[in-house]
Amino acid sequence: MTGTYLGMPAFPQAARDAVRDPVLRGNLRHATHTIRAKRARAVGELSDWAELREAGRRIKDHTLRHLDRYLVQLEESVTAAGGTVHWAADAGEANRIVARLVKETGESEVVKVKSMATQEIGLNEALEAEGIRAYETDLAELIVQLGRDRPSHILVPAIHLNRGEIRDVFRSEMGAWGRPAPEDLTDAPAELAEAARLHLREKFLRAKVAVSGANFMVAETGTLVVVESEGNGRMCLTLPQTLISVVGIEKVVPTWRDLEVFLQTLPRSSTAERMNPYTSMWTGTTDEDGPRAFHLVLLDNGRTDTLADQVGRQALRCIRCSACLNVCPVYERAGGHAYGSVYPGPIGAILSPQLRGTGSEIDASLPYASSLCGACYEVCPVAIDIPEVLVHLRERVVEGGPAVRQGNKVVLRPARGHAAERAAMRAARWVFARPGALRAGQRLASRTRRLHPRALPGPGRAWSGTRDLPAVPPEPFRDWWQRTNGGKDGTE
Amino acid sequence: MSSRDRVLGRVRRALADVTPDDRPYEEAVRRDYLREHGGPTARRTVELLAENLADYRAIVHRSGASELPSLIARLLAARDAGPVVVPSGLDEGWLAAADVTRIPDRAESTPADLDRAGSVVTACAVAIAETGTIVLDGSPDQGRRRISLVPDHHICVVRVPDQVVSSVPQALERLDPARPLTWISGPSATSDIELDRVEGVHGPRTLEVILLG
Amino acid sequence: MRVALFLTCVNDTLYPDTGRAVVRLLTRLGVDIDFPTGQSCCGQAHYNTGYRHGAEPLARRLSEVFRDYEAIVTPSGSCGAMVREVYPRMGERARAEGRGDTLARTLAPVVAKTYELTEFLVDVLGVTDVGAWYSHTVTYHPTCHGLRGLGLGDRPRRLLEAVRGLELVELPGAEECCGFGGTFALKNPEVSAAMGADKLRNARSTGAEVLCAADNSCLMHLGGMMSRLRTGPRPVHIAEILASTEEEPAV
């Protein structure tokens, strides 16, 4: 992925700083709790939510099972409607295609619609290296770009900042990128939105090239769909002469009718609205309305590797709503940056180690960044069983085994750093397979119980840094059971 | 090998374990969800549209055909926001009473030209009651996509009950995917500051919907 | 009906009182309960930490020990979910790995007849009033595997509401995870402790004397934090409350 994330420390270390930052904790708690209650209300309005969720799952699974067929059909439909389709096997190739297309227009700047795919491939940095300036136009992306920050949420990349911090970024940084923020800018959200409106207006009006992603691509018709709120998407999709959309191959759906499911489940799951303010749908190019040239870059970048995994492939159903982030107790405390990826939270913890592999320290630690509480699965509008995939990826980390990387079959070796754990697991299995040994261990623990400390030194501090050990009882249950004949001979 | 072949080859190898489902698509994917929620009368559907539009801060007006020109004139005069963009196929009578400078929707206009307009008046293709959404499809009475975007004030006329459907599935049935479509649910908004909704960013900050019937 | 108590390794070793309470409660309700001493561990910790293959022999063992009983009752939501949700999945994975149906067939007999304690009481025995008496203010934490894995719903609450003398108070943010998560508590200790601290703050805000749950592993984590901070409420397994009577009150 992008250079920004190279050398990220493992999740537990990265999360530690966030846990100890009271402002960040407050910002995340406030934002996630606000949206949780609203999502529950928006979802509760639809009596057939479970059926919509199930249909969404089925549509996505069916599409993934026949992905080659639908990608070819999509290519035909887009081409017939006047668009040009490009294929990119990885991030580098996608970036080269976009840079070339921009250069062919003779322009040196582009306006961008918020897009996870272009963040994933590090497009802005790649364009910068080619002398092309990319302006983010989504409010939160603008905040992140101005603040030279990293996104921490799929939907609201600046969720880690509160209104006062956003005002400070606008005041100090806007001037260097264009129209400065008003002198007397306060932290009122309406004023902040107004400052962004004025700052970006000049960029929209002069832009000749736009780059977007898409929420959905319809194979049958060649239609692309962008779901947004602010109108920056519409600006980018309609004012410039050239539009380049970079879209992951898993975003295809077979038919026009399929949108009736996702246009009900996505807005309610993401911003907790019945419908988001703006949805744009376009099919190729339209004479005298909107861009004259439309390019679609279909991106693999690890998606086919993910597709090859029988358990992990369900992650490709994701429609990037971010409901799982908003409900996740780990995300709420650790924040998005700790996940070391543009995809944070529960979905990030199963997506990043599949798209990027489990080779790096951060990616090998992400499958463990969950208490497996299952809240993510419960809210997921396409029923991705995130806990199941997390456990599956833990297995890949500790046991290794067959996987696909860059389209090639490989056999992964067990990750280092799990030797002690592996030995403990083996020892436990040995004991549990022999009730005699288990009983001997239990009795030894009971007999020596007065000597047990309530806290442990060394690695044991992971437990007893904050918690006392439980007191060991005078006898294990099985001894009581045998001694009293299951309580029939008196309970004591 | 082209990247197209490489990606498609990877997809096919990744799916080696999967048995293809050769049933027709509509059979392969069962849909047990509702076509609409509630199935109310036409009158109640229009009420729901009005409620949901207002809930997301659109300003809703009702009008008969005869009062429409004076209502539009009044709304534009109250804004006093400068020239008004007019789609080529808009019913001429709608603006008959308005004393405003008109900017026609022309291909050669630049975005900067449009930025000088204060308002735009359009019709719509369909409106969705359950979500409080109006959909524009670029027909002559709605114009190019950008004209309902750049001006800060959008007046949209919905013919009720003919143009109103209950639900998203019903709306998609009525729409032509070959046309450029814009779904609008209230004025532009953002949830980017503390995940709380604030109205008014890049699109029109005022959306007025006239239910004509 | 031949009913077996699947107590779980954690309860057997550290929380025998919970086991004794289940025996007392079920005996009082006329159930002839057995504790097969061949039982040890369901393999949950292995499985959830990524050692699926290491969990398989434990799962096979559990199935062999319990397969002939008509019902298997466990006072642990997470171990119950392990058998009911994960065992079928383990069978499927073995099949996908080309190892045939053997594991799936071995594990199948215990899957459908394993019940978490409150499920067994409400669904199988059909009782919500178990004749208990417990004179304390109690707040209930629905543990994640019980709530979202097994779908226990309002069963525990209905059982507690029928206990005489017991005042049940609402736990704010009840459905949020307490931060235990098995090895999560060790691998991400800071986040785990932060989650636990928030849970405790909510529990204390209720003013309840007792924090009740249907899983001792979560209570071990929360109880360990409370013991360190020398603060309440007292962690108590639901079985101990339901077993308590006026004649023989729980301590």
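This one's a predicted model, so the numbers in the text were calculated from it and none came from an experiment.

Thresholds, definitions, all that
- Residues numbered from 1 in each chain as written.
- Chains lettered and ligands numbered in written order.
- Predicted model: local features only at pLDDT ≥ 70, side-chain atom pairs only at ≥ 80, totals over all residues.
- Helix = DSSP H or I, 4+ residues; strand = E, 2+ residues; numbered from the N terminus.
- Rg over C-alpha atoms; globule rule 2.2 N^0.38 Å.
- Buried ≥ 20, exposed ≤ 12 C-beta atoms within 10 Å, placed from the backbone.
- Contact = placed C-beta atoms within 7 Å.
- Pairing = 2+ DSSP bridges.
- Axes fitted to C-alpha atoms, helices over the stretch in contact; angles between N-to-C directions.
- Domains from an automatic or database assignment.
- UniProt positions renumbered as here; feature names shortened; annotations may be inferred.
- Expected span 1.5 Å × (residues − 1).
- Bend = angle between axes of the 7 residues up to and from the residue.
- Nonpolar A, V, L, I, M, F, W, Y, C, P; charged D, E, K, R; others polar.
- Left-handed = near helix turned anticlockwise from the far one by under 90°.

With reference to specific residues and values, describe the overall build of chain C.
Helix and strand content of chain C: 13 helices and eight strands. Here the C-alpha atoms of chain C give a radius of gyration of 18 Å, agreeing with the 18 Å that 2.2 N^0.38 yields for 251 residues. Overall size of chain C, expressed as C-alpha extent along the three principal axes, is 55 × 45 × 30 Å. Looking at chain C residue by residue over its 251 residues, the buried ones come to 63%.

Outline the overall build of chain A, supporting the account with residue identities and numerical values.
Scanning chain A from N- to C-terminus turns up 23 helices and 12 strands. For 492 residues, the compact-globule estimate of 2.2 N^0.38 gives 23 Å, and the C-alpha radius of gyration of chain A, at 26 Å, lies within 12% of that figure. Here the contacts in chain A between residues at least 6 apart in sequence split such that 73% fall between residues at least 24 apart.

Which residues make up the sheet that holds strand β7 (residues 210–213) of chain C, and what values do they have?
Residues and elements named next belong to chain C. What the four strands build is an open sheet, ordered β6-β5-β7-β8; its pairing is parallel. Strands with a single pairing partner mark the edges of an open sheet, and in this sheet they are β6 (167–169) and β8 (234–237). Ignoring which end each strand starts from, the neighbouring axes of this sheet average 35° apart. Where strand β5 (residues 137–140) lies against β7, three bridges are found, and the strand directions are parallel. Paired with tyrosine 140 across the two strands is cysteine 212, which belongs to β7. Sheet contacts for helix α12 (residues 216–229): β7 and β8; angle to β8, the most-contacted strand, approximately 165°.

Can you tell me about helix α8 (residues 139–146) of chain A, naming the residues and giving the values?
Helical geometry note: an α-helix holds 3.6 residues per turn, so side chains three or four residues apart project in the same direction. All names here are of chain A. Summarising burial for α8: eight of the eight residues are buried, a large majority. Among all positions of α8, only Leu139, Ala140, Glu141, Leu142, Ile143, Val144, Gln145 and Leu146 are buried. Just downstream of α8, arginine 148 is the residue with a positive phi angle, here 45°.

Quick one: what's the story with the domain arrangement of chain C, residue by residue and with numbers?
Residue and element names in this part refer to chain C. In terms of domains, chain C is made up of domain 1 (3–124) and domain 2 (137–243). Placing a centre on the C-alpha atoms of domain 1 and another on those of domain 2 gives a separation of 22 Å. Contacts between the two partners involve 26 residues from domain 1, matched on the other side by 22 residues from domain 2. If you list the elements that add at least two residues to the side of domain 1 that touches domain 2, you get α1 (9–14), α2 (16–28), α3 (44–49), α5 (77–96) and α7 (117–124).

Could you give an account of the arrangement of the chains, with specific residues and numbers?
If you rank the two pairs of chains in contact by how many contacts each has, first place goes to chains A and B. Structurally, chain B and chain C remain out of contact, their C-alpha atoms never closer than 9 Å.

Tell me about the UniProt feature "domain: Cysteine-rich" (unreviewed entry) in chain C, and please be specific about residues and values.
Residues given the UniProt feature "domain: Cysteine-rich" (unreviewed entry) here are residues 3–83 and 138–222 of chain C. For residues 3–83 of chain C, the end-to-end C-alpha separation is 16 Å, with 58% helix and 11% strand making up the annotated structure.

I'd like to hear about the domain arrangement of chain A, residue by residue, with values.
How large an interface is tends to be reported as the accessible area lost when its parts come together. Considered domain by domain, chain A is made up of domain 1 (3–299) and domain 2 (435–484). Put simply, the middle of domain 1 of chain A and the middle of domain 2 of chain A, counted by C-alpha atoms, are 53 Å apart.

Kindly report on the pairing of strand β6 (residues 133–136) of chain B, identifying the contributing residues and their values.
Residues and elements named next belong to chain B. Here β6 shows two buried faces, one formed by Thr133 and Val135 and the other by Ile134 and Leu136. Inspection of the sheet shows strand β5 (residues 126–128) paired to β6 by three bridges, in the antiparallel sense. The residue of β6 that forms the bridge with isoleucine 128 is threonine 133. Count of turn residues in the β5/β6 antiparallel hairpin: four residues, of which glycine 132 carries a positive phi of about 65°. Relative to strand β9 (residues 181–184), β6 runs antiparallel, the two sharing three bridges. Among the inter-strand pairings, valine 135 is bridged to a residue of β9, identified as tryptophan 183.

Now, about helix α9 (residues 163–177) of chain A: what can you tell me, with residues and values included?
For α9 of chain A, built from 15 residues, the straight-helix expectation of 21 Å at 1.5 Å per residue is met to within 8% by its first-to-last C-alpha distance of 20 Å. The largest bend in α9 of chain A amounts to roughly 35° and is located at arginine 171 of chain A. What α9 of chain A keeps buried is the set Ile166, Arg167, Val169, Phe170 and Met174 of chain A. Buried positions along α9 of chain A lie against α8 and α10 (189–206) of chain A together with β10 (189–193) of chain B.

Could you give an account of the environment of aspartate 168 of chain A, naming the residues involved and the relevant values?
Mapped onto the elements, aspartate 168 of chain A comes out in helix α9. When the C-alpha positions of aspartate 168 of chain A and glycine 147 of chain A are compared, they lie 9.3 Å apart, and in sequence the two are 21 residues distant.

Got a sec to walk through the pairing of strand β9 (residues 278–283) of chain A? Specific residues and values, please.
In terms of burial, β9 of chain A is a largely internal element, six of the six residues being buried. Two elements, strand β6 (residues 223–228) of chain A and β9 of chain A, share six bridges in a ladder whose sense is antiparallel. Within β9 of chain A, the position partnered with valine 226 of chain A by the bridge is serine 280 of chain A. Note: β9 of chain A against β9 of chain B, four bridges, orientation antiparallel. Paired with tyrosine 278 of chain A across the two strands is isoleucine 184 of chain B, which belongs to β9 of chain B.

Just give me the short version of the interface of chain A and chain B, but keep the residues and values in it.
Facing the 82 residues of chain A at the interface are 64 residues of chain B. Residue contributions to the side of chain A that touches chain B peak at nine residues, all from α10 of chain A. Partitioning the side of chain A that touches chain B into residue classes produces 41 nonpolar, 24 polar and 17 charged.

Would you mind going over the environment of glutamine 73 of chain A in detail, with residue names and values included?
Residue and element names in this part refer to chain A. Structurally, the position occupied by glutamine 73 is in helix α4 (residues 67–80). According to the C-beta neighbour criterion, glutamine 73 is partly exposed, with 18 such atoms within 10 Å. Separated by 26 residues in sequence, glutamine 73 and serine 47 place their C-alpha atoms 34 Å apart. Filtering out sequence-adjacent residues up to four positions away, glutamine 73 remains in contact with Ala219 and Glu220.

Lay out the sheet that holds β6 of chain B in plain terms, naming residues and giving numbers.
In spatial order, the strands read β8(A)-β5(A)-β6(A)-β9(A)-β9(B)-β6(B)-β5(B)-β8(B); together these eight strands make up an open sheet with mixed pairing. Looking along the sheet, the strands with just one partner apiece sit at the ends: β8 (252–253) of chain A together with β8 (164–165) of chain B. Bridging between strand β5 (residues 216–218) of chain A and β8 of chain A involves two bridges; their strand directions are parallel. Across the sheet, valine 218 of chain A pairs through a bridge with valine 253 of chain A, a residue of β8 of chain A.

Describe the packing of helix α4 (residues 52–66) of chain C against α5 of chain C, with residues and values.
All names here are of chain C. Remark: α4 packs on α5, axes separated minimally by 11 Å, with the N-to-C direction vectors making an angle of 115°. Considering only the axes of α4 and α5, their crossing is left-handed. Across the interface between the two elements, Arg52, Glu56 and Ala59 from α4 touch Tyr87, Met90 and Arg93 from α5.

I'd love a proper account of the interface of chain A and chain C, names of residues and values included.
Contacts between chain A and chain C engage 51 residues on the former and 56 residues on the latter. Put simply, the parts of the chain that give the side of chain A that touches chain C at least two residues each are α1 (11–19), α15 (329–334), α18 (375–379), α19 (386–399), α20 (419–432), α21 (435–447), α22 (461–464) and α23 (477–484) of chain A. The greatest single-element share of the side of chain A that touches chain C, amounting to six residues, is contributed by α19 of chain A.

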